[in-house]
Amino acid sequence: MAISTGQVTVSASPIALHSADDDGVIIVLNATQNVYIGKADVSAVTGYLHTKPDPPLHLELGPNEILYAVRAGAQDSAVTTLRTHNV
């Protein structure tokens, strides 16, 4: 199992929080501002709202699933991720 981390600036356009993985991935997500997460067309209408004071979000994604995010307000958010996956 490999561990990787990253930080992405999330703005008004959907951005991938990680790359596709053939084996799937467990991702822990934390954000400095409110963000919506979901698939490639994520928006305030289609996304899941993760708010800044919430504890880190833990998700298990299947093979080749990609998680995207957009900001929920006027301010960009720094989203930090911790990923574990099989190698």
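Note that the structure is predicted; figures quoted are calculated from it, not measured. (Residues numbered from 1 in each chain as written. Predicted model: local features only at pLDDT ≥ 70, side-chain atom pairs only at ≥ 80, totals over all residues. Heavy atoms only, no water.)

A. View of the overall build of the protein. For the protein, the count of helices and strands is zero helices and eight strands. Traced from its N-terminal end to its C-terminal end, the protein shows the element sequence β-β-β-β-β-β-β-β. A compact globule built from 87 residues would reach a C-alpha radius of gyration of about 12 Å, and the protein, at 12 Å, matches this within 12%. On the principal axes, the C-alpha backbone points of the protein span a range of 40 × 25 × 15 Å. Burial analysis of the protein (87 residues in total) assigns 33% to the buried set. Across the protein, contacts joining residues at least 24 apart in sequence account for 79% of those joining residues at least 6 apart. On the protein, roughly 5000 Å² of surface is accessible, and the fraction owed to carbon and sulfur atoms is 53%. Charge centroids of the protein, computed over 4 positive and 8 negative side chains, lie 12 Å from each other. (Helix = DSSP H or I, 4+ residues; strand = E, 2+ residues; numbered from the N terminus. Rg over C-alpha atoms; globule rule 2.2 N^0.38 Å. Buried < 20%, exposed > 50% of the residue type's maximum accessible area, 1.4 Å probe, protein only. Contact = heavy atoms within 4.5 Å. Areas by Shrake-Rupley, 256 points an atom, 1.4 Å probe, with all protein chains shown as cover. Lys, Arg positive; Asp, Glu negative; His and termini not counted. Charge placed at Lys NZ, Arg CZ, Asp CG, Glu CD.)

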